[in-house]
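Summary of the model geometry
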Amino acid sequence: MRIDKFLADMTPYSRNDIKKLIRKGAVAADGQIIKSGSQQVEEDSEVTLFDEPVVYRRYEYYLMYKPAGYLCANYDSRDPVVFELLDSFRRDLSCVGRLDKDAEGALLITNDGMLNHQLLTASHHVDKKYYVEFTGELPADAAEVLARGIVFKEFTSLPAQLEVIDEHSAFLTICEGRFHQVKRMFAHLGCEVSYLRRDEFASLTLDGLECGEYRMLEEEEVARLKQLGEAE
Ligand code: URA
């Protein structure tokens with residue numbers, strides 16, 4: 001790939017900045033000073049910027065504990081977006097599915113477009129477990145209704161598992177990710193969701209993360225997600 005793309009992906013500098021840095025002689029690859037932004041390097045080339053090594057990562061995979069108040073969008077003129085919490089210079093990251101602005105919890109973020117697509121389309125392999133607080137009274141047959149599937153205007157929900165915690169809280173595990181799905185399922189039961197947190201996404205949990213924090217996925221976790229994606 002071109003050295004200017006290598007550096008634009010892995011540093012905060014724009015291609016224009018990089019051109020200037022190259023002119024100053026600040027960039028080297030495998031011991032040779034780089035003269036032009038179009039010079040080709042390998043992903044594993046030993047690139048340095050002001051003598052500091054810059055390592056290339058083609059794909060990045062993050063698990064974030066999304067806080068309420070943040071949008072799953074790349075940019076918004078009014079509200080903060082989840083990418084503001086992420087310390088990555090890549091401009092090609094996207095969320096795998098969405099959580100509502102008022103929802104919290106496990107959110108996968110990657111620039112691996114293939115995996116993102118596979119995880120969304122292979123939806124019935126990807127369980128998502130939500131912790132839900134609600135107002136109203138759950139009907140006695142709520143678990144059966146959710147397990148049978150609910151007919152909505154544009155889809156019928158696949159079997160979902162309800163575990164009631166107490167009168168006003170429960171876990172719900174679903175495998176699709178339709179717009180406002182959990183809220184709509186509870187509304188169908190005559191209840192209103194007052195707090196929503198996704199505790200698990202494809203078995204990835206929030207363990208070890210505080211709200212607003214994120215971590216990079218381990219290689220085995222990425223491999224397992226790829227298997228799920230390919231299982232479709
Ligand atoms: N279901 C919802 O209603 N909202 C979310 O953010 C995720 C699932």
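Residues numbered from 1 in each chain as written. Predicted model: local features only at pLDDT ≥ 70, side-chain atom pairs only at ≥ 80, totals over all residues. Heavy atoms only, no water.

1. Describing the overall build of the chain
Operational definition: Put simply, DSSP H or I for four residues or longer makes a helix, DSSP E for two residues or longer makes a strand, and each gets a number counted from the N terminus. Radius of gyration: C-alpha atoms only; globule rule: 2.2 Å multiplied by the number of residues to the exponent 0.38. When a residue's accessible area, from a 1.4 Å probe over protein chains only, is under 20% of the maximum for its type it is buried; when over 50% it is exposed; and in between it is partly exposed. By definition, residues are in contact when any of their heavy atoms lie within 4.5 Å. Note on areas: these come from Shrake-Rupley sampling with a 1.4 Å probe, and a residue is covered only by the protein chains present in the view.
Along the backbone of the chain there are six helices and 13 strands. Radius of gyration (C-alpha) of the chain: 22 Å, far over the 17 Å computed for a compact globule of 232 residues. Within the chain, the proportion of its 232 residues that are buried is 47%. When contacts within the chain are restricted to residue pairs at least 6 apart in sequence, long-range pairs at least 24 apart make up 66% of them. Surface accessibility of the chain: about 12700 Å² in total, with carbon and sulfur atoms responsible for 48%.

2. Let's talk about the nonpolar core
Which entries qualify depends on this criterion: The set of buried Ala, Val, Leu, Ile, Met, Phe, Trp, Tyr and Cys residues whose side-chain atoms join them within 4.5 Å is what this entry labels a nonpolar core.
Ile109, Val132, Leu172 and Phe186 are the most contacted members of the largest nonpolar core, which has 36 residues in total. Listing elements by their share of this core, those giving two or more residues are β5 (61-66), β7 (104-110), β8 (128-135), α4 (142-148), β10 (169-174), α5 (181-188) and β11 (192-201). In this structure, Tyr65, Val96, Val126 and Leu204 belong to the second largest nonpolar core, which totals 18 residues.

3. Examining the packing of helix α1 (residues 3-10) against helix α2 (residues 15-23)
For clarity, the cut-off: Inter-axis angles, ranging from 0 to 180 degrees, are taken between N-to-C directions of lines fitted to C-alpha atoms, where helices are fitted over the stretch in contact. Roughly parallel means an angle under 35 degrees; roughly antiparallel means over 145; roughly perpendicular covers 65 to 115; every other angle is labelled oblique. Handedness of a crossing is defined here by the sense of rotation of the near helix relative to the far one, left-handed for an anticlockwise turn of less than a right angle and right-handed for a clockwise turn.
Relative to each other, α1 and α2 sit at 120°, their axes nearing to 9 Å. With respect to their mutual orientation, α1 and α2 come out oblique. Every pair of crossing elements has a handedness; the one defined by α1 and α2 is right-handed. Counted together, Ile3, Asp4, Lys5, Leu7 and Ala8 of α1 and Arg15, Ile18 and Ile22 of α2 form the full contact between these two elements.

4. Brief notes about α1
Judged by how many residues are buried, α1 sits mostly within the fold: seven of eight residues are covered. What α1 keeps buried is the set Ile3, Asp4, Phe6, Leu7, Ala8, Asp9 and Met10. In this structure, the buried residues of α1 make contact with α2, β1 (27-29), β3 (47-49) and β4 (52-54).

5. A few points about the site of the ligand
Filter applied, for reference: In this text, near means that some heavy atom of the residue lies within 4 Å of the molecule or strand in question. What qualifies as a polar contact is a pair of N or O atoms within 3.5 Å, subject to a donor-acceptor requirement within protein and to the restriction that residues adjacent in sequence count only when both atoms come from side chains. We place a 1 Å grid over just the protein atoms. Points where a 1.4 Å probe fits but has no way out form a cavity, open points with protein on both sides within 12 Å along at least 5 of 7 lines form a pocket, and any residue with an atom within 4 Å of a point lines it. To decide whether a molecule occupies a pocket or cavity, check its atoms: if more than half lie within 2 Å of the grid points, it is inside. Asp, Glu, Lys and Arg are counted as charged, while Ala, Val, Leu, Ile, Met, Phe, Trp, Tyr, Cys and Pro are counted as nonpolar; the rest, among them Gly, fall into the polar class.
Near the ligand, the surroundings consist of Leu99, Asp100, Ala103, Tyr130, His180, Gln181, Val182, Lys183 and Leu196. Here an oxygen atom of the ligand and a backbone polar atom of His180 are 3.2 Å apart. Here an oxygen atom of the ligand sits 3.0 Å away from a polar atom, N or O, in the main chain of Lys183. Expressed as a share of its isolated accessible area of 240 Å², the protein-covered part of the ligand is 97%. The site holding the ligand turns out to be the largest pocket. Sorting elements by how many residues they give to the shell around the ligand places α5 first, with three residues. A per-class count over the shell around the ligand returns five nonpolar, two polar and two charged.

6. Examining a negative patch on the surface
Quick reminder of the rule: Patch members must show over 30% relative accessible area and no salt bridge, and they are joined within 9 Å when carrying like charges or within 5 Å when they are nonpolar side chains of Val, Leu, Ile, Met, Phe, Trp or Tyr. A pairing counts as a salt bridge when a side-chain nitrogen of Lys or Arg comes within 4 Å of a carboxyl oxygen of Asp or Glu. For the purpose of counting charges, residues Lys and Arg are taken to be positive, whereas Asp and Glu are taken to be negative. His and the chain ends are not included. To locate a charge, take NZ of a lysine, CZ of an arginine, CG of an aspartate or CD of a glutamate.
Together, Asp30, Glu42, Asp44 and Glu46 make up a negatively charged patch on the protein surface. Looking at the element boundaries, Asp44 is found in the loop between β2 (32-33) and β3. Overall, Asp44 belongs to the exposed group, its relative accessible area being 67%.

7. With respect to the domain arrangement of the chain
Interfaces are often sized by the amount of accessible area the parts lose when they come together. Operational definition: Domain delimitation follows an automatic or database domain assignment.
Domains assigned within the chain are domain 1 (3-54) and domain 2 (61-230). Look at where the C-alpha atoms of domain 1 and domain 2 centre, and you get two points 38 Å apart.

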